[in-house]
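Coordinate inspection notes
Letter by letter, the chains look like this.
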Amino acid sequence: MPFSVEFMPPRDAEGEARLWRAVRIFERLGPAFVSMTYGAGGSTRDRTVRIAGELAAETTLLPVAHLTAVNHSVAELRALVGAYADQGITNILALRGDPPGDPLGEWVAHPEGVQYAEELVRLIERLGDFHVGVASFPEGHHRAPDLDHDTQNLVRKLRAGAEYSISQMFFDVDHYLRLRDRVHAADAEQAAKPLIPGLMPITSLASVRRMVQLSGSVLPPAVDARLSAAAGDGPEEDRAAVRAVGIDLATEMAERLIAEGAPCLHFCSLNFAKATSEVLERLGADVREVLGAPALSS
């Protein structure tokens with residue numbers, strides 16, 4: 001089963017060393033591609049461009065660089081696309097992006113920028129021979145009035161030239177399947193393009209609750225209950241027990257997604273390799289043979 005991995009630009013030298021340890025592990029596992037995120041408001045722009053370029057130049061991985069429209073004029077967006085091209089990067093994930101400070105706050109376009117991701121896709125397409133992906137939202141984007149509007153927004157991005165979409169992380173496979181159904185009903189031609197599900201093996205209940213709150217998504221009650229039971233009633237959650245349940249949940253979701261014909265599994269790694277590697281091993285990957293037991297247990 002093809003898989004891909006999402007990385008984040010590190011904040012400091014220690015984080016960068018951790019990122020590169022994960023990169024080298026995943027490189028040996030052979031992902032279809034790896035993506036590098038782009039901070040709210042372009043806050044990690046320079047690091048995103050630099051590290052994506054290093055991934056292209058110094059590894060065998062195929063990097064997909066994120067690009068958001070927040071706080072950027074069209075001229076700046078053109079320059080950023082050019083910077084990616086100069087680094088040998090031709091795969092870009094085009095996102096409208098979240099406002100800085102409050103991801104759920106009001107989104108305000110740059111006065112000389114673009115309003116929607118659809119426009120960003122068209123802009124990138126005009127600048128050269130790029131392969132462009134976009135985001136999709138199995139539970140619906142929190143700013144969309146309803147699921148139909150959200151689906152139409154995705155279809156417009158695909159019609160604008162996007163070749164695939166990567167979904168926001170979710171924890172109920174039915175949400176992904178219903179999104180796929182809606183896209184097919186709206187435009188069967190665009191539905192033929194890969195809709196890649198985003199997964200994150202949960203290793204902390206507190207962290208995942210914070211993530212879903214900031215993303216506008218929901219942790220299903222049944223999932224929350226399993227994690228809460230593992231976390232226990234103490235002042236600190238039982239991280240080992242929560243992690244074990246999180247790996248179980250990610251594996252169960254992955255197995256169902258594979259059975260339902262998902263084209264690829266996209267893992268949000270948080271710049272760590274171990275949890276994703278454990279899920280891949282459960283799915284049948286030769287993880288221990290590739291990494292060796294000491295590397296896997298690190």
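Before reading further, recall that the structure is shown in the block above.
Residues numbered from 1 in each chain as written. Predicted model: local features only at pLDDT ≥ 70, side-chain atom pairs only at ≥ 80, totals over all residues. Heavy atoms only, no water.

Describing helix 1 (residues 13–29)
The following threshold applies: Helical segments are the DSSP runs of H or I of at least four residues, strand segments are the runs of E of at least two, and each set is numbered from the N terminus. An expected span of 1.5 Å times one less than the residue number is assigned to each helix. When a residue's accessible area, from a 1.4 Å probe over protein chains only, is under 20% of the maximum for its type it is buried; when over 50% it is exposed; and in between it is partly exposed. Polar contact is defined as a pair of N or O atoms within 3.5 Å, subject to the rule that within protein one atom must be able to donate a hydrogen and the other to accept it, and that residues adjacent in sequence are counted only when both atoms are side-chain atoms.
Between its first and last C-alpha, helix 1 extends 25 Å over 17 residues, near the 24 Å set by a 1.5 Å rise per residue. Regarding helix 1, the residues found buried are Gly-15, Leu-19, Trp-20, Ala-22, Val-23, Ile-25, Phe-26, Glu-27 and Leu-29. The N-capping residue of helix 1, defined by a side-chain oxygen 3.3 Å from the backbone nitrogen of Glu-14, is Asp-12. Of the residues trailing helix 1, Gly-30 is marked for its positive phi of about 75 degrees.

What about the sheet that holds strand 7 (residues 195–199)?
This is how the line gets drawn: Only when DSSP finds a minimum of two bridges between them are two strands counted as paired. To obtain an axis, a line is fitted to C-alpha atoms, over the contacting stretch when the element is a helix, and the angle between two such axes runs from 0 to 180 degrees between their N-to-C directions. Working rule for contacts: check all heavy atoms of both residues, and any pair within 4.5 Å makes them a contact.
Taken together, eight strands build a closed barrel; the order of strands is 1-2-3-4-5-6-7-8 and the barrel is parallel. The average undirected angle you get between the axes of adjacent strands in this sheet is 30 degrees. Bridge count for strand 1 (residues 3–7) against strand 2 (residues 33–36) is four bridges, and the pairing is parallel. Bridge pairing in strand 2 links Phe-7 to Met-36. Most of the contacts of helix 6 (residues 173–186) go to strand 7, to which it runs at about 160 degrees, and overall it touches strand 5 (131–136) and strand 7.

Some points on the pattern of salt bridges
How we decide: The term salt bridge refers to a side-chain nitrogen of Lys or Arg lying within 4 Å of a carboxyl oxygen of Asp or Glu.
Summed over the entire model, instances satisfying the criterion amount to 15 salt bridges. Across the pair Asp-181 and Arg-178 runs a salt bridge, and its minimum N-O distance is 3.0 Å. Here Asp-181 and its partner Arg-178 are both found in helix 6, three residues apart, which amounts to about one turn of the helix. Here Arg-209 and Asp-224 are joined by a salt bridge, their closest N and O atoms 3.0 Å apart. Linking Arg-209 in helix 8 (residues 205–215) with Asp-224 in helix 9 (residues 221–231), this pair joins segments that are 15 residues apart in sequence. The partly exposed category is assigned to Arg-209, whose relative accessible area is 37%. By sharing partners, the salt bridges in this structure join Asp-174, Arg-178, Asp-181 and Arg-256 into a single network.

Details of the packing of aromatic side chains
Heads up, the rule is: Stacked, edge-to-face and tilted are the three classes for Phe, Tyr and Trp ring pairs, Trp counted by its six-membered ring, which pair at centre distances within 6.5 Å; planes under 30 degrees apart are stacked, over 60 edge-to-face, the rest tilted.
Here the structure, examined in full by the defined rule, presents three aromatic pairs. On the numbers, 6.4 Å between centres and 45 degrees between planes, the contact of Phe-33 with Tyr-164 is tilted. With Phe-33 in strand 2 and Tyr-164 in strand 6 (residues 164–169), the pair connects residues that are 131 residues apart, well separated along the chain. Each of the two residues, Phe-33 as well as Tyr-164, counts as buried. Between Phe-170 and Tyr-176, the aromatic rings sit 5.9 Å apart at their centres with planes inclined by 10 degrees, giving stacked as the arrangement.

Observations regarding the side chain of Arg-96
Tracing the backbone through its elements, the reader meets Arg-96 in the loop between strand 4 (91–95) and helix 4 (117–126). Looking at Arg-96, the relative accessible area reads 19%, which means it is buried. With residues near it in sequence (within four places) discarded, Arg-96 still touches Thr-68, Ala-69, Val-70, Trp-107, Gln-115, Tyr-116, Ala-117 and Arg-143.

Focus: the environment of Asn-91
Positionally, Asn-91 belongs in strand 4. Along the sequence, Asn-91 and His-66 sit 25 residues apart, while their C-alpha atoms lie 8.8 Å from each other.

A look at the pairing of strand 7
In terms of residue burial, strand 7 counts as a mostly covered element, since five of its five residues are buried. Going residue by residue along strand 7, you find Leu-195, Pro-197 and Leu-199 tucked away on one face and Ile-196 and Gly-198 tucked away on the opposite face as well. Looking at chain direction, strand 6 and strand 7 are connected through three bridges and run parallel. Counterpart to Ser-165 in the pairing with strand 7 is Leu-195. Bridge count between strand 7 and strand 8 (residues 265–268): two bridges; the pairing is parallel. If you follow Leu-199 over to strand 8, its bridge partner there is Phe-267.

Here we look at unusual backbone geometry
Of note, the phi angle at Asn-71 is positive, near 65 degrees, even though the residue is not glycine. With a relative accessible area of 41%, Asn-71 lands in the partly exposed category. Look at Leu-270: it is not a glycine, yet its phi comes out positive at around 55 degrees. Along the polypeptide, Leu-270 turns up in the loop between strand 8 and helix 11 (274–282). On the accessibility criterion, Leu-270 (26% relative accessible area) is partly exposed.

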